[in-house]
Amino acid sequence: MPRNGAITFGDLVGKLDLLEVACAKCGRKGRYAVARLIEQRGSDGKIVDLLSELRSDCPKHLAGDMGDMCAARCPELLRVM
Ligand SMILES: [Zn+2]
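In this report, we go over the structure that sits alongside the text. Predicted model, so just to flag it, every value in this text is computed and none were measured.

Coordination sphere of the zinc ion, protein contribution only: Cys23 (SG), Cys26 (SG), Cys58 (SG) and Cys70 (SG), at 2.3 to 2.4 Å. Relative to the metal, the four donor atoms surrounding the zinc ion lie at angles of 83 to 176 degrees, and the coordination shape comes out irregular. Every donor residue of the zinc ion comes from the same chain, spaced as C-x2-C-x31-C-x11-C. Since its relative accessible area comes to 3%, Cys23 is described here as buried.

Listed below in structure tokens is the structure:
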């Protein structure tokens, strides 16, 4: 059972090699190597923390468009968790 809202990078090992992050609002899309995320943040680093960092430097967010906040998320998580 995944901990509610606190899936860690370690949880992805064996399930995903690349973690896809996409934002439907600004159209940004990226892939992060899970091994590299663990190297940088540790296997107990939380995906929600990565997402909130990404949201905070989203073009939408930087433009000060608070009524249309960034929606970066990991579409593949629902499939693998
Ligand atoms: Zn965005």
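Attention now moves to the pairing of strand β1 (residues 18-22). With four of five residues buried, β1 is to be regarded as a mostly interior element. Across five bridges, the pairing between β1 and strand β2 (residues 29-33) is antiparallel. The residue bridging Leu18 from the neighbouring strand is Ala33, located in β2. Linking two consecutive strands that pair antiparallel, namely β1 and β2, is a turn of six residues; a positive phi of about 80 degrees is found at Gly27 within it.

A few words on the side chain of Glu76. Tracing the chain through its elements places Glu76 in the loop between α3 (59-62) and α4 (77-80). Take Glu76: its relative accessible area is 13%, and that puts it in the buried class. For Glu76, the side chain forms a polar contact with the main-chain nitrogen of Glu20, separated by 3.4 Å. Once you skip the residues sitting within four places of it in the chain, Glu76 turns out to touch Leu16, Leu18, Leu19, Glu20 and Arg31.

It is worth spelling out the nonpolar core at this point. Grouped together as the largest cluster of nonpolar side chains are 19 residues, with contacts concentrated most on Phe9, Leu12, Leu19, Ile47, Leu51, Cys74 and Leu77. For this core, the secondary structure elements donating two or more residues are β1, α1 (34-41), α2 (47-56) and α4. Element by element, the count of residues in this core is highest for α2, at four residues. Excluding anything up to four places from it in sequence, Leu51 contacts Val21, Ala72, Arg73 and Cys74.

In the structure shown here, the tally under the stated rule is six salt bridges. The shortest N-O distance in the salt bridge between Glu20 and Lys29 comes to 3.6 Å. On the accessibility criterion, Glu20 (10% relative accessible area) is buried. Using a relative accessible area of 62% as the deciding quantity, one classes Lys29 as exposed. Residue Arg31 pairs with Glu76 through a salt bridge whose shortest N-O separation is 4.0 Å. With a gap of 45 residues between them, Arg31 in strand β2 and Glu76 in the loop between α3 and α4 connect regions that are remote in the sequence. Beyond isolated ion pairs, a larger network of salt bridges with shared partners links Glu20, Lys29, Arg31 and Glu76.

Conventions we followed
- Residues numbered from 1 in each chain as written.
- Predicted model: local features only at pLDDT ≥ 70, side-chain atom pairs only at ≥ 80, totals over all residues.
- Heavy atoms only, no water.
- Donors = N, O, S within 2.8 Å, 3.2 Å for Na, K, Ca; no water.
- Tetrahedral: all angles 85-135°; square planar, octahedral: opposite > 155°, others 65-115°.
- Buried < 20%, exposed > 50% of the residue type's maximum accessible area, 1.4 Å probe, protein only.
- Helix = DSSP H or I, 4+ residues; strand = E, 2+ residues; numbered from the N terminus.
- Pairing = 2+ DSSP bridges.
- Polar contact = N/O pair within 3.5 Å; in protein donor to acceptor, adjacent residues only side chain to side chain.
- Contact = heavy atoms within 4.5 Å.
- Core = buried A, V, L, I, M, F, W, Y, C linked by side-chain atoms within 4.5 Å.
- Salt bridge = Lys/Arg side-chain N within 4 Å of Asp/Glu carboxyl O.

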